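Per-entry structural report
This is what each chain is made of:
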Amino acid sequence: MADKEKTGILTNGEQDIKIFELYKEVELQNNRLKTTNDHLEGLSIDIKEVCKCLKEQDKRIQKLETEVSRHSVWVSIITIGFGVLLTQFITRVWSIVGR
């Protein structure tokens with residue numbers, strides 16, 4: 001008779017049902033965790049690929065910066081040379097006109 005009383009203590013059958021329900025809940029949570037873990041692993045791989053891509057882009061940018069700097073130096077040298085030639089031309093024209 002003690003098994004059938006509802007005093008807050010579960011009977012053997014009720015305990016089995018509760019244990020089974022808890023087992024099912026744990027199994028469901030484990031499946032969710034596995035799914036979440038799989039997604040996180042996928043994201044980790046994606047992030048690694050993005051990092052590789054960013055490193056590659058950084059190398060390209062550094063190379064372009066070097067080329068731009070080199071071209072800037074050449075443009076500056078050419079501009080200075082052109083300025084010198086223009087100054088010489090103007091000086092000669094003024095010397096001819098001034099005579």
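Quick summary incoming for the structure in this document.

Parameters and conventions
- Residues numbered from 1 in each chain as written.
- Predicted model: local features only at pLDDT ≥ 70, side-chain atom pairs only at ≥ 80, totals over all residues.
- Heavy atoms only, no water.
- Salt bridge = Lys/Arg side-chain N within 4 Å of Asp/Glu carboxyl O.
- Helix = DSSP H or I, 4+ residues; strand = E, 2+ residues; numbered from the N terminus.
- Buried < 20%, exposed > 50% of the residue type's maximum accessible area, 1.4 Å probe, protein only.
- Patch = residues over 30% accessible without salt bridge, like charges linked within 9 Å, V, L, I, M, F, W, Y side chains within 5 Å.
- Areas by Shrake-Rupley, 256 points an atom, 1.4 Å probe, with all protein chains shown as cover.

All chains considered together, the criterion is met by 3 salt bridges. Close ionic contact of Asp38 with Lys34 constitutes a salt bridge, the shortest N to O distance being 3.2 Å. One end of the pair is Asp38 and the other is Lys34, both in helix H1 (residues 12-98) and 4 residues apart, which spans about a single turn. On the basis of relative accessible area, Asp38 is assigned to the partly exposed category, the value being 39%. Two residues, Arg60 and Glu56, come together in a salt bridge whose shortest N-O distance is 2.7 Å. Of the two residues, Arg60 and Glu56 are both situated in helix H1; the distance of 4 residues between them amounts to about one turn of the helix.

For the rest of this paragraph, the subject is a nonpolar patch on the surface. Side chains of Phe82, Leu86, Phe89, Ile90, Val93, Trp94 and Val97 sit close together on the surface and give an oily, nonpolar patch of about 750 Å² of accessible area. With respect to the element layout, Phe82 can be found in helix H1. A relative accessible area of 55% places Phe82 in the exposed class.

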